[in-house]
Amino acid sequence: MRPYRNITDIELETLGATREWDIKTALSLPLPAQILWVHSTREKFQRLDPLDPCLVKTITVERISGDVIKTDFGSYNLQTGKNIYTSCGCKKFCDCYGQLYLFKNV
């Protein structure tokens, strides 16, 4: 299990996703595939609804190459589902802040 918790188990259940990141499941996704993206520091944006599309959204996995998951919303590490770039410090929402969760019905 990944050490960070930017979304509750109840929220994940409601969205149809699972907390556990499974590499085998990720590799077996029929591409293109839908996956859940959650902003890494979602709790800091208290002015927004916790499920605001800027903080939680469904994105598309376009390809998996080596240890990199390429999506229509950035690149992520296959081992962890977390963004592969460190936070850039920008004030907009981008892939440098996210992590992925698999949907249960894959």
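Bear in mind that the values here come from a model prediction, so they are computed numbers and not experimental data.

About the thresholds
Residues numbered from 1 in each chain as written. Predicted model: local features only at pLDDT ≥ 70, side-chain atom pairs only at ≥ 80, totals over all residues. Heavy atoms only, no water. Salt bridge = Lys/Arg side-chain N within 4 Å of Asp/Glu carboxyl O. Helix = DSSP H or I, 4+ residues; strand = E, 2+ residues; numbered from the N terminus. Buried < 20%, exposed > 50% of the residue type's maximum accessible area, 1.4 Å probe, protein only. Pairing = 2+ DSSP bridges.

(A) Focus on the pattern of salt bridges. Scanning the entire structure with this criterion turns up 2 salt bridges. In this structure, E13 and K104 form a salt bridge, with 2.4 Å as the shortest nitrogen-oxygen distance. Here E13 is found in helix α1 (residues 9-15), whereas its partner K104 is found in the segment after β6 (98-103), with 91 residues between them in sequence. Judged by its relative accessible area of 43%, K104 falls in the partly exposed class.

(B) Structural view of the sheet that holds strand β5 (residues 74-77). Strand order in this open sheet of 6 strands is β1-β6-β2-β3-β4-β5, and the pairing throughout is antiparallel. With one partner strand each, in any of the chains shown, β1 (17-18) and β5 form the two edges of the open sheet.

(C) Representation of the pairing of strand β2 (residues 33-39). For β2, the tally of buried residues reaches 6 of 7 residues, placing the bulk of the element in the interior. Here 6 bridges tie β2 to strand β3 (residues 56-65), and the two strands are oriented antiparallel to one another. When the bridges of β3 are listed, W37 appears paired with K57. In this sheet, β6 lies alongside β2 in antiparallel orientation, the contact comprising 4 bridges. Bridged to W37 within β6 is L100.

(D) Molecular detail of the pairing of β3. Sheet analysis places β3 next to strand β4 (residues 68-71), joined by 4 bridges and oriented antiparallel. Looking across to β4, one finds that R63 is bridged to K70. Counting the residues that bridge the hairpin from β3 to β4 gives 2 residues, and of these G66 lies at a positive phi of roughly 65 degrees.

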